[in-house]
Structures are given as C-alpha cells and as structure tokens.
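Here is what each chain is made of, one letter per residue.
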Amino acid sequence: MDLSDQDIEQIERYLLGELTDEERTALEQRMKTDPEFADEVSFMRDIINVSKQEGRQHLREHLKKAEQKEAAKIEAEINQETEAEKKWNKTNFINRRNWIYWATAAAAAIFVGLYFGIITPSGLGKKIYNEHFEPYPNKVIPSTRGIEVPENFAHFSQEEYNLVVRAMKHYQRGNYKEASELFEQHVNRKKENAALIFYKGISQLKSGKEKQAEENLRYILNNKESEFRQEAQWYMALTYLKVNEIESARETLKKISETTGHPYKNKAEKVIGEIGKK
Amino acid sequence: MRKVSEKISDSEILEGIKTSRNDMLEYVYQQFYPMIYKYVITNSGNAEEARDTFQDGIVVLYEKSLQPDFRLTASIGTFLYSVCRNLWRNKLNRQKSREDLQENIPEQPEEANLLIEEITERQHLLRQLFQKIGESCRNILMKKYYEKRKDKEIAEELNLSGSDYVKTQRYRCLKQLKKLYDEMIN
C-alpha cells in the first residue's frame, strides 16, 4: 500500500503521541476497518524502534571512543592508589603491633647511650630536625581528580600535569621517595615552577637527598617573587640540622627570628634555644 | 584547552552527551568514571564490567534526559552513581539467582528495564536495511526518533535547508525503507 505524505505524518504523530484525542480516535478506527493500514502503522512502529536502536548504538560507539582514550588511564591510577594505601596500612599494622618492643629497645638504647656517654652532640641536629619537621600542606594543586591543567600551570601539557598531580599525591601520603622522583623528572628549576620546587625540596629532604633539597630550597629563597620564600627558609634550617651543620642552621634560624612577622619566628627562637650557645 | 576556572555545568554536560561531542564525553569519563570503577571493582566486578556499567549508566542518563518530564533533581554525578549502582546490583543479583538455580528472578529496577532490547524478526531485517539507505537518511531518522529533535533543530544540526526539507526527506527515507523491505521479503 502506498501511503500519502499526510498518512505518514498522521501515523508518525500517532506513534510519537502527538495526536489530539479526536485525531487519535479517528486513526484507531481506521486501523480497525483497514488491516493494510494497520500493517503500515505496525511497520512504522518498527522503524521507529530500529531508529532508536541505531541511535543508541551510535551513542555507544562515541562512548567507546572516549572510554578507549580515558578508562585505562583512570583505572591504572586508581589501582596504584589502592596499592599504595594497602601498603601503607600494612606497614602501619606492623608498626602498631611492634611498637612496645621498639619503644622498650629505644628506651634501653638511650639509657645505655646516656650512661656511657655515647650520645654526643653530633646527633643533636638530627634529633631536633626529627622533632620539628612537619610536612608543609599542599596548597598548590587542587585535589579534584580529572580536571584539566589550571591556568597557573599552563606551561604543562595535560600529561605532565597529571604526573605532577600524582607526585603531589605521593607527597601528601608521605611517599617522599616516589614524590621526589616524579618531581625531579617533571619539575625543572624555572620561575613558573617556583611553588612546586618548594615541595620538590621537602620531598628530597625526606628521602635522603639533603644536598639537592638545600639547592632547591635556596633557589626558592633567592627568588624574590616566590610565595614560599619564608617557608623555604625554615625548611632550609631543618635541612642543615638534619645533616648536623649546626652553624649554618643557627645562622638561618637567626635570620628567621630577626624577621618581624616571619611565620616561623617563634619556632626558630625555640630551636636556637635547643641547639644552645656556641 | 579548558581551564578549571570555567566550571562545566550539568546542563552543558548533558548537551555535550546529546551531541556526542568527543571532548565532553572524555570529560565525563575523567569526572565520573573513577567513582563507578571503584564501586564495581570493590563489589566483585572487574574493569570490563565497570566500563560496561558506566556506559550503560550514561545511556540511561541520556535517554532519561530526553523524556519530557525529566528534571535532574541531584547533580549528574549523584544521578550516575545511583543508576550505575542499581545496574550493577541488578546484574549481581541475577547472576546469583542463576547460580543458585532460583526460579524467582528478582525484579529489575527501572534502569535495567530501559536497556532491554527485544528485537523482532522484522526489526532485525530493518536494521540491515538501515545500512542501505544512506547516511543522511540514517541521521535524520536517528535524530528524529532517538534524540527526539525537532525538525528545525535537525535542519540546523545536519546543515539542511529547513524544517520542511527535513520532513520531506524523512518521508522519502521511510518510503525507501518500506520499498527495500517489500523487495526483500517478496
């Protein structure tokens, strides 16, 4: 049966629920009396359904493309995080279980050391460093996942930025070795990176690379525009303490304590007191 | 490149999904896939199942957003999470009842029902014929019946001269399909 355009339009509107009550009653009446017309309606219903299936498949193909580009990356990142968390929990568990043992051993060692005069001022710097070191909080990388490169990091490609984000995550979890390695690979010493170099330096300080840490912190300190200059100064003093360069530490701490409004003024004064007079 | 400062609104995201803009779909993955992946793998699923669940979730979100009474009462993230969770739980339940040889398969949530495709023999043939009617016809029919676009919008999106033209083209496509079908079964 060849349908007129008017018929097609009526059937289409009927199936899409666009007819008025009156029109609908008329059309349904016609279907009852004209089986061939009823067939056309049913055929049209199938076409609409098939168009929907095609449309859905079309959407799925587009989604598949995005999935291929993004999913593996996201999954790997999450797996890595979960692993790191597991590892962290595990070490924590061991530490918790054995702390009494270690505490007893340490107390005994200190007692013996003190008694025989083995603990000399050479360990003093490191001790003070351990007492005063606190990781500086992340203030530069927004913590939401999956966002694109922010304006202040526009000199990074998306890929590099993702790695920097990962470095910062390691830093925040206390995985300083991993953090320092990633920072070393992706954060060069240049002006735009000033904020990140600060975190790079702290990560290095915590992973036994005191020399590099000192260089990077000095770079921040010498950079007049850097937002973390005063903070870098404090961490530099801590670096000197850690390697037991007491005089350099004292000098830096003195500068801090003499700066009005320095955020670490009080701490510096306290540490100067602890390392004692020359 | 998009900057963080330009927050992408939920309606922008929906519109991006509707027009299958690749950059927006990638954004949707970056933004929402992590939580779905975490959910599925911590609930005895694997990566492939997580991907499938997420894709189904987007399809449901998209098709629901086309319904005239659709209102996004929560954020897209919350919506997707609850849809995907229902889809995944439903799949686990059905798997479990099959393993336990239970007679009474649990009832499907609405989201899962939406995705069921029961294809009749004639629809199966029609899908093959769909490949023969040319891309322009396919696009017009998909936009009209799946994406529920108005003729005027279809004209704009496909760069056609106007809504009347879209309409006559569509009727032509429908007649062509009918003709191909009649030839095939006779």
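Residues numbered from 1 in each chain as written. Chains lettered and ligands numbered in written order. Predicted model: local features only at pLDDT ≥ 70, side-chain atom pairs only at ≥ 80, totals over all residues.

S.K.: I'd like to hear about the overall build of chain A, residue by residue, with values.
M.R.: When helices and strands are counted, chain A shows 11 helices and 0 strands. Reading the secondary structure of chain A in the N-to-C direction produces α-α-α-α-α-α-α-α-α-α-α. (Helix = DSSP H or I, 4+ residues; strand = E, 2+ residues; numbered from the N terminus.)

S.K.: Which residues make up the overall build of chain B, and what are the values?
M.R.: Along the backbone of chain B there are 9 helices and 0 strands. Listing the helices and strands of chain B from first to last along the sequence gives α-α-α-α-α-α-α-α-α. Out of the 186 residues in chain B, the part that is buried amounts to 27%. For chain B, long-range pairs separated by at least 24 residues make up 53% of all intrachain contacts whose partners lie at least 6 apart in sequence. (Buried ≥ 20, exposed ≤ 12 C-beta atoms within 10 Å, placed from the backbone. Contact = placed C-beta atoms within 7 Å.)

S.K.: Which residues make up the interface of chain B and chain A, and what values go with them?
M.R.: In this complex, chain B contributes 39 residues to the contact, which on the side of chain A involves 36 residues. When contributions to the side of chain B that touches chain A are tallied by element, the ones reaching two or more residues are helix H2 (22-42), helix H3 (47-65), helix H6 (121-130), helix H7 (135-146) and helix H9 (163-185) of chain B. Per-class residue counts for the side of chain B that touches chain A are 20 nonpolar, 8 polar and 11 charged. (Nonpolar A, V, L, I, M, F, W, Y, C, P; charged D, E, K, R; others polar.)

S.K.: Talk me through the packing of helix H10 (residues 246-258) of chain A against helix H11 (residues 265-275) of chain A; I want residue IDs and the actual numbers.
M.R.: Each pair of packed helices can be described by the angle between their axes along with the distance between the axes. Residues and elements named next belong to chain A. It is the contact of H10 with H11, at a shortest axis distance of 8 Å, that shows an interaxial angle of 145°. Considering the relative orientation of H10 and H11, their crossing is left-handed. Along its contact with H10, which presents Ile246, Ala249, Arg250, Leu253, Lys254, Ile256 and Ser257, the element H11 presents Lys265, Ala268, Glu269, Val271, Ile272 and Ile275. Residue classes in the contact of H10 with H11 are distributed as 8 nonpolar, 1 polar and 4 charged. (Axes fitted to C-alpha atoms, helices over the stretch in contact; angles between N-to-C directions. Left-handed = near helix turned anticlockwise from the far one by under 90°.)

S.K.: Quick one: what's the story with the environment of Leu19 of chain A, residue by residue and with numbers?
M.R.: For Leu19 of chain A, the location among the structural elements is in the loop between helix H1 (5-15) and helix H2 (21-33). Beyond its immediate stretch of four places on either side in the chain, Leu19 of chain A contacts Arg13, Tyr14, Arg24 and Leu27 of chain A.

S.K.: Which residues make up H9 of chain B, and what values go with them?
M.R.: Spanning 23 residues, H9 of chain B covers 33 Å between terminal C-alpha atoms, matching the ideal 33 Å at 1.5 Å per step. Of the positions making up H9 of chain B, those classed as buried are Val166, Gln169, Arg170, Cys173, Leu174, Leu177 and Lys178 of chain B. (Expected span 1.5 Å × (residues − 1).)

S.K.: Explain unusual backbone geometry to me, using residue names and the numbers behind them.
M.R.: It is generally the case that most residues other than glycine have a negative phi and that most peptide bonds are trans. Phi at Asn244 of chain A takes a positive value of approximately 65°, unusual for a residue other than glycine. With respect to the secondary-structure elements, Asn244 of chain A resides in the loop between helix H9 (229-242) and H10.

S.K.: Give a detailed account of the nonpolar core, specifying residues and quantitative values.
M.R.: With 39 residues, the main nonpolar core has Phe198, Ile220, Ala232, Tyr235 and Ala237 of chain A as its most contacted residues. Elements with a contribution of two residues or more to this core: helix H4 (124-132), helix H5 (158-173), helix H6 (176-186), helix H7 (194-206), helix H8 (210-222), H9, H10 and H11 of chain A. With 8 residues, the single largest contributor to this core is H9 of chain A. Discounting chain neighbours no more than four positions away, the residues touching Phe198 of chain A are Ile220, Phe228, Glu231 and Ala232 of chain A. Within the second largest apolar cluster, 28 residues are counted, among which are Leu59 of chain A together with Ile17, Cys84 and Leu87 of chain B. (Core = buried A, V, L, I, M, F, W, Y, C linked by C-beta atoms within 7 Å.)

S.K.: How would you sum up the confidence of the model for chain A? Please name residues and give values.
M.R.: Per-chain confidence: chain A averages 85 in pLDDT, with 90% of residues scoring 70 or above. Between the elements of chain A, mean pLDDT differs from a low of 83, seen in helix H3 (residues 35-116) of chain A, to a high of 95, seen in H2 of chain A. (pLDDT = per-residue confidence, 0-100.)

S.K.: Would you mind going over the environment of Tyr62 of chain B in detail, with residue names and values included?
M.R.: Relative to the helices and strands, Tyr62 of chain B resides in helix H3. Residues Tyr62 of chain B and Leu14 of chain B, 48 residues apart in the sequence, show an inter-C-alpha distance of 7.3 Å. When near neighbours in sequence (up to four residues on either side) are disregarded, Tyr62 of chain B contacts Leu59 of chain A together with Ile17 and Lys18 of chain B.

S.K.: I'd like a rundown of H6 of chain A, residues and numbers included.
M.R.: Residue and element names in this part refer to chain A. By the burial criterion, the buried members of H6 are Tyr176, Ala179, Ser180, Leu182 and Phe183. Looking straight down H6, one finds that the buried residues subtend no more than 165° of arc, so they occupy a single side. Structurally, H6 contributes buried residues whose contacts are with H5 and H7. (Arc of directions from axis to C-beta.)

S.K.: Outline the packing of H4 of chain A against H9 of chain A, supporting the account with residue identities and numerical values.
M.R.: Residue and element names in this part refer to chain A. Look at H4 against H9: their axes get within 7 Å of each other, and the N-to-C directions meet at 140°. Between H4 and H9, the angle falls in the class oblique. On H9, the residues that touch Gly125, Lys126, Ile128, Tyr129 and His132 of H4 are Leu238, Leu241 and Lys242. When grouped by side-chain class, the residues that make up the contact of H4 with H9 number 4 nonpolar, 2 polar and 2 charged. (Parallel < 35°, antiparallel > 145°, perpendicular 65-115°, else oblique.)

S.K.: Just give me the short version of the confidence of the model for chain B, but keep the residues and values in it.
M.R.: Residues and elements named next belong to chain B. Per-chain confidence: chain B averages 87 in pLDDT, with 93% of residues scoring 70 or above. In the model, residues 1-5 has pLDDT below 50 throughout and makes 11 contacts with residues more than four positions away in sequence or in other chains. Our summary of model confidence lists the complex with pTM equal to 0.57 and ipTM equal to 0.89.

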